[in-house]
Each structure stands twice: as C-alpha cells, then as structure tokens.
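So the chains spell out like this:
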Amino acid sequence: MARRGVSYVSAAQLVSLARDPGVAIVDVRDEERSYDGHIAGSHHYASDTFADRMPDLAQVTAAKETLIFHCALSQVRGPTCARMFHDYLSDAKEDHELKNIMVLERGFNGWELSGRPVCRCKEAPCKGTCS
Ligand SMILES: [Zn+2]
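Here the structure is a predicted model, which means the values were calculated and not measured. (Residues numbered from 1 in each chain as written. Predicted model: local features only at pLDDT ≥ 70, side-chain atom pairs only at ≥ 80, totals over all residues. Heavy atoms only, no water.)

Right, let's talk about the sheet that holds strand E4 (residues 66-70) for a bit. Here five strands make up an open sheet; going across it, the order is E1-E5-E4-E2-E3 and the pairing parallel. Of all the strands in the sheet, the pair left with one neighbour each is strand E1 (6-9) and strand E3 (43-44). Packing against the sheet, helix H4 (residues 77-91) makes contact with E1, E4 and strand E5 (100-104), and its axis sits at approximately 175° to E5. (Pairing = 2+ DSSP bridges. Helix = DSSP H or I, 4+ residues; strand = E, 2+ residues; numbered from the N terminus. Contact = heavy atoms within 4.5 Å. Axes fitted to C-alpha atoms, helices over the stretch in contact; angles between N-to-C directions.)

Next up, the structure:
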C-alpha cells in the first residue's frame with residue numbers, strides 16, 4: 001500500500017517498532033488528543049498547524065530513522081501530513097538523513113479498539129514508552 005514513499009504499519013507492528021529508540025510516533029490529531037488519550041511516547045503535531053511546524057518536527061526527530069504518523073483513523077490527516085513531511089524532507093536544503101515515513105493503519109481509534117495501552121498524561125511530547 002505504499003505510495004509516494006509512505007507505507008503503513010499495523011498496531012501490532014507498532015508495538016514492537018516503538019521499542020526501537022530510532023522510531024518516533026507523530027500524532028497529528030487536533031483537539032481530540034486532549035480528551036481521548038494518546039499512544040505513549042508520541043509527539044503531538046496537530047494537522048491544522050502541521051505545515052508551519054514541520055521545521056520543528058524535523059529538528060526534534062533529527063536523530064530518528066523512522067517516523068510513524070497517525071490521526072484518529074489514519075485515513076486523511078495522518079497520511080496527508082506524512083506525505084507533506086516526506087516531501088518537505090525531500091525538498092529540504094539541509095542534509096536530512098533519509099527516513100522511513102510510515103502511517104499507523106486505522107489510526108489511534110484502531111489502536112485503542114485493539115486493546116493497546118492508551119496514555120493520558122498531559123506532557124508534550126509524551127515521555128512514556130509503549131510496553
Ligand atoms: Zn503520555
């Protein structure tokens with residue numbers, strides 16, 4: 001299901017991927033994050049301000065090899081932001097390391113429905129880890 005450099009991972013794959021320190025999870029939901037909880041350890045870059053915050057995200061994740069994007073369902077906002085960021089890195093003048101840009105299949109809702117742990121801390125970025 002890869003197109004324009006973005007591929008998909010399942011919630012089960014994310015559980016093992018999230019243990020890798022080279023992996024960052026990027027939540028692009030908007031206000032839902034504050035009342036629905038989030039995946040432990042995820043960064044929050046809301047889709048409505050995502051374009052403006054891409055330079056910040058690039059800096060924050062400079063040491064990461066893989067970024068996994070998601071929104072509530074990963075149907076619109078997640079893949080859109082993932083592709084936008086992929087294009088941003090491809091066009092960037094600076095030498096960014098080549099990254100794997102991925103999208104979590106079925107998004108946060110699928111993650112929660114499959115019984116994966118949900119973190120409800122108020123920290124941004126979340127310092128929790130998936131276990
Ligand atoms: Zn948290």
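Time to look at the environment of Glu32. The residue Glu32 is located in helix H2 (residues 32-36) in this model. Note on Glu32: relative accessible area 13%, which makes it buried. Considered as a pair, Glu32 and Arg106 are 74 residues apart in the sequence and their alpha carbons are 16 Å apart. Among residues more than four places away in sequence, those in contact with Glu32 are Ala72 and Arg77. (Buried < 20%, exposed > 50% of the residue type's maximum accessible area, 1.4 Å probe, protein only.)

Taken as a whole and assessed by the stated rule, the structure comprises zero disulfides. The structure places no disulfide on Cys81, whose sulfur is separated from the nearest cysteine sulfur, that of Cys71, by 7.9 Å. Owing to a relative accessible area of 2%, Cys81 belongs among the buried residues under this scheme. (Disulfide = S-S within 2.5 Å.)

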